[in-house]
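A look at the structure
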Amino acid sequence: LCKILAGYEEPETGTVLMDGKSLYSYKGYCPVQMIWQHPEQAVNPRLRMRNVFEEGDQVETELIKKLGIEPDWMNRFPTELSGGELQRFCIARALALNPEFVVCDEPVSALDVSVQAQIINLLEELQKSLHLTMLFISHDLSVVRCMTDRAVVMYLGKIMEMGPTEHLFGAPAHPYTRNL
């Protein structure tokens, strides 16, 4: 699902529409950006963070400040940053292109619990202040409950149940959802 929404793969059947337009018809601009589960795999380890952005994304100073990125981090290599620091860079890179839609693929699962809370709070604030639409993918149901208005429960790539998050948590209809 992530790869289809991010435009890396096309669906075998059906189509993906944004505002009535095929996601694959956008030329030179993808309205969807990704925040990956493993930020260390999303950047070149041989480039300083400054160079990661020079390769294509221009990050505004205001955005960097909003994300809590320290200026001296720009001179570091990815391996010199903590998981939370690196994930902040990956969030900045995704938001630098002003996407219409952000797919967050387990963006906190590889982080320490205290850092998870910081990144979740940051994503919630960004969602509100930038009026972002996000698809938040997670196996951690407490994170899903915290981050979403609507939830979709999938099993083996198929939708089992969907609806308002509080309804799914309060009165799950599908046996798989109840087991979760």
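Summarised in this report is the structure supplied together with it. (Residues numbered from 1 in each chain as written. Predicted model: local features only at pLDDT ≥ 70, side-chain atom pairs only at ≥ 80, totals over all residues. Heavy atoms only, no water.)

Examining the packing of helix α4 (residues 83-95) against helix α5 (residues 113-129)
Viewed as axis vectors pointing N to C, α4 and α5 meet at an angle of 20°, and their least axial separation amounts to 10 Å. The angle between α4 and α5 places the two elements in the roughly parallel class. Two packed elements cross with a definite hand, and for α4 against α5 that hand is right-handed. Together, Gly 84, Arg 88, Ile 91 and Leu 95 of α4 and Val 115, Gln 118, Ile 119, Leu 122, Leu 123 and Leu 126 of α5 make up the contact between the two elements. For the contact of α4 with α5, the residue count by class is seven nonpolar, two polar and one charged. (Axes fitted to C-alpha atoms, helices over the stretch in contact; angles between N-to-C directions. Helix = DSSP H or I, 4+ residues; strand = E, 2+ residues; numbered from the N terminus. Parallel < 35°, antiparallel > 145°, perpendicular 65-115°, else oblique. Left-handed = near helix turned anticlockwise from the far one by under 90°. Contact = heavy atoms within 4.5 Å. Nonpolar A, V, L, I, M, F, W, Y, C, P; charged D, E, K, R; others polar.)

Overview of the side chain of Glu 106
Relative to the assigned elements, Glu 106 resides in the loop between β4 (101-105) and α5. For the buried Glu 106, no salt bridge exists, and the shortest N-O distance to an oppositely charged side chain is 14 Å, to Lys 3. If we skip the residues at most four places from it in the chain, Glu 106 touches Gln 37, Ile 137, Ser 138 and His 139. (Buried < 20%, exposed > 50% of the residue type's maximum accessible area, 1.4 Å probe, protein only. Lys, Arg positive; Asp, Glu negative; His and termini not counted. Salt bridge = Lys/Arg side-chain N within 4 Å of Asp/Glu carboxyl O.)

What about the packing of aromatic side chains?
Within this structure, the stated rule accounts for three aromatic pairs. Note on Tyr 155 and Tyr 176: the rings are 4.7 Å apart at their centroids and 45° apart in plane angle, and the pair reads as tilted. Of this pair, Tyr 155 sits in strand β6 (residues 150-155) while Tyr 176 is found in helix α8 (residues 175-179), placing the two residues 21 residues apart along the sequence. Relative accessible area serves as the criterion here: at 25%, Tyr 176 is assigned to the partly exposed category. (Phe/Tyr/Trp six-rings, centres within 6.5 Å; stacked < 30°, edge-to-face > 60°.)

Section: the pattern of salt bridges
Summed over the entire model, instances satisfying the criterion amount to three salt bridges. A salt bridge links Asp 72 to Arg 76; its shortest N-O distance comes to 3.1 Å. On the basis of relative accessibility, which here comes to 43%, the residue Asp 72 falls in the partly exposed class. Classification of Arg 76 by relative accessible area gives partly exposed; the value is 25%. Arg 145 is the partner of Glu 166 in a salt bridge, and the nearest nitrogen-oxygen pair spans 3.0 Å. Taken as a pair, Glu 166 in helix α7 (residues 165-170) and Arg 145 in helix α6 (residues 141-147) lie far apart in primary sequence, 21 residues in all. Residue Arg 145 is classed as partly exposed on the basis of its relative accessible area, which comes to 39%. When salt bridges with common partners are traced through the structure, they connect Asp 72, Arg 76 and Glu 85 into a single cluster.

Quick notes on the sheet that holds β4
Within a sheet, each strand pairs with its neighbour through backbone hydrogen bonds, oriented either parallel or antiparallel. Across the sheet, three strands lie side by side as β3-β4-β5; this open sheet has parallel pairing. The sheet is open, and its two borders are formed by β3 (32-35) and β5 (133-137), each paired with just one other strand. Here the average twist between neighbouring strands, direction ignored, is 20°. By the bridge criterion, five bridges tie β4 to β5 in an arrangement that is parallel. When the sheet's bridge partners are listed, Val 103 is paired in β5 with Leu 135. (Pairing = 2+ DSSP bridges.)

What about unusual backbone geometry?
In this structure, Asp 19 is a non-glycine residue whose phi angle is positive, near 55°. With respect to the helices and strands, the residue Asp 19 is situated in the loop between β1 (17-18) and β2 (21-22). Backbone geometry places Leu 156, a non-glycine residue, at a positive phi of 50°. In this fold, Leu 156 is placed in the loop between β6 and β7 (158-164). Judged by its relative accessible area of 73%, Leu 156 is exposed.

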